Each structure stands twice: as C-alpha cells, then as structure tokens.
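# Coordinate analysis (summary)
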Amino acid sequence: TTTKTRAKTPLSEIVEAFEELAKSLNSRRIRNSDKGAGGELRLDAFSKTCSLVSVLFSCLGLAFRFAESEYVAKVRDLVEASKEYNTLQTILDLDVANGTVRTSGSHSRNLRRVRQGLDLIRALFEQFLSTTDYSLREAATTAYSQVCAPYHTWAVRTAVYAGMYTLPTRDQLLLNLNETEHSAEKNMRRYINASLPVIEYIDRLYISRNIRLDW
Ligand code: 1PZ
C-alpha cells in the first residue's frame, strides 16, 4: 500500500491498552462522582490489559523467567475470575466478606501482586528516563528496591538482585523492544501517565476498605 503506518511495537500495544483503562476509569468516575473510591474498573478489561505486559519479560532474558511465571499465574487467576465477577470491587468485597484478602492465592492478594508488577514497570521507566548514563541494571535495581523489595522474602530479593546482572544493556533492550531511544521515551512516558491512575485506583479500593498496603 502507499499509506505509511508506524508499526505497532509491543510497548505501544501495552500503552494503548492502559490508556483505554485510564480513560474508562475517568468517564466512569464522572458519572459516579458521588462514590468515594470513584468509578469502577471491569475485571475482564483490566486482566486482559495486564496479560499484554508479559511480552516484556522475553526482552529481559532467561533469568527473569521465574518472575514471568509468577506474574502470568497471578494474571491468569484474575482472567479466570473475570468470567464470574464483573469488577475489581466485586472480588475485593468477596474476599473481605470471607476474610481472605491476604490469603495466599486469593483474588485480592493476586490483584495486589499484579498491581505491584505494574508499579515496578512504571518505576523502571521513570528510572530509565531520568538519565541516559544509567545502565538498565541500575535502573531496574533502583525500581525494584523502591517498589517490590520491601514486600518480598529474603530469598526472592537475593535471586532478583543476582538476576539483575544478566539483564541486557540499555541499547539491547531497545532493540528487543523494537524501539528507538526517542520512541521508547515517548511510550514510556505514556505508560507512566496511563498506569498511575489505574494503580492509584487499585490502592484506593483497599484503603477505602481499611486494608493496609504494607504487604
Ligand atoms: C525491564 C524490567 C526490569 C525489571 C526487573 C525486575 C524484575 C523483578 C522480578 C520480581 C520477581 C518476583 C518473584 C516472586 C515474587 C513472589 O514472592 C510474589 C509472591 O506472591 P504470593 O504468591 O506470596 O502472593 N509474587 C509476585 O509478586 C508476583 C508478581 C511479580 C512479578 C512482577 C514483575 C513485573 C515486571 C515485569 C517487567 C517486564
């Protein structure tokens, strides 16, 4: 054809899906502005968007395969749950009623873990954008230390910090992602902006039910 279309990259697909989520959150929030937690998020749309993220793992190398299987298992649980429950609120209310919010394998616990994964990527992109002097390992180490390390066991933290040494270089990551420095920067900023309201919305779901976020 004669029309030139910019090829979609894995990152741009992820970004577009998160922008859709953020948008749906916004429009619903206006309609439901009387509700404290603000709006609602459909579990099917949310979990499908989160499953797109798993393509990023293949760009990180073999050492992060264990992180991938962990993340994918949690997302799959939410995808399964979405066949029965409509919104994020529903699964949280159910676990509150059953006293299973923090129980291993519960939907609410898995939602908390997936949210931490989304936030880890956001923090990583912020580090990545903050300076070009930074290696991917330094950016990822800082992001992980901020977002996930406080909630992981010693064994997991040790494995993750060891795995950091196997991460590709910054330039190799861009190649793996099929991005240029410029296009990656743009997409990463868009991810940061779109994921933040989603992450904050999830946190408010817990906080408004008097559930602490220190786990
Ligand atoms: C380009 C990105 C570089 C980032 C590199 C940092 C990767 C960090 C990997 C984190 C590994 C976590 C492994 C295991 C964690 C488990 O202890 C918990 C257990 O939850 P439980 O079953 O007790 O409720 N599992 C999780 O927290 C699941 C999700 C963690 C993975 C998130 C990574 C997302 C980022 C991927 C970037 C592509």
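A brief report on the enclosed structure follows. (Residues numbered from 1 in each chain as written. Predicted model: local features only at pLDDT ≥ 70, side-chain atom pairs only at ≥ 80, totals over all residues. Heavy atoms only, no water.)

## Details of helix 6 (residues 136-147)
For clarity, the threshold we go by: Helix numbering and strand numbering both begin at the N terminus, where a helix is a DSSP run of H or I of at least 4 residues and a strand a DSSP run of E of at least 2. Working rule for helices: expected span equals 1.5 Å times residues minus one. The cut-offs for exposure are 20% and 50% of the maximum accessible area for each residue type, with area from a 1.4 Å probe on protein chains only; residues under the lower value are buried, those over the upper are exposed, and the others partly exposed. Directions are taken from the helix axis to each C-beta atom, and the arc is the one they span.
When the terminal C-alpha atoms of helix 6 are compared, their 16 Å separation across 12 residues agrees well with the 16 Å that a helix rising 1.5 Å per residue should span. Listed as buried for helix 6 are Leu136, Ala139, Ala140, Ala143, Tyr144 and Val147. Projected down its long axis, helix 6 carries its buried residues within an arc of 125 degrees, all on one side.

## Notes on the nonpolar core
Applied cut-off: Buried Ala, Val, Leu, Ile, Met, Phe, Trp, Tyr and Cys residues form a nonpolar core when they are joined through side-chain atoms within 4.5 Å. Pairs of residues are marked as contacts when any of their non-hydrogen atoms sit within 4.5 Å.
Within the largest apolar cluster, 62 residues are counted, with the highest numbers of intra-cluster contacts made by Phe46, Leu88, Leu118 and Tyr206. At the level of secondary structure, the elements contributing two or more residues to this core comprise helix 1 (10-31), helix 2 (43-52), helix 3 (65-81), helix 4 (88-98), helix 5 (107-130), helix 6, helix 8 (170-177) and helix 9 (181-207). Looking at which element gives the most residues to this core, the answer is helix 9, with 11 residues. If we skip the residues at most four places from it in the chain, Tyr206 touches Leu92, Val101, Ser108, Leu111, Arg112, Ile211, Leu213 and Trp215.

## Observations concerning the environment of Ile14
Along the chain, Ile14 turns up in helix 1. Along the backbone, Ile14 and Thr49 are 35 residues apart, and their C-alpha atoms lie at a distance of 7.1 Å. Discounting chain neighbours no more than four positions away, the residues touching Ile14 are Leu52, Val53, Val55, Leu56 and Tyr191.

## With respect to unusual backbone geometry
The phi dihedral of Asn178 falls on the positive side, at around 60 degrees, and the residue is not glycine. Looking at the secondary structure, you find Asn178 in the loop between helix 8 and helix 9. The backbone phi angle of Asn210 is positive, close to 60 degrees, even though this residue is not glycine. Its location among the elements puts Asn210 in the segment after helix 9. Overall, the relative accessible area of 73% leaves Asn210 in the exposed class.

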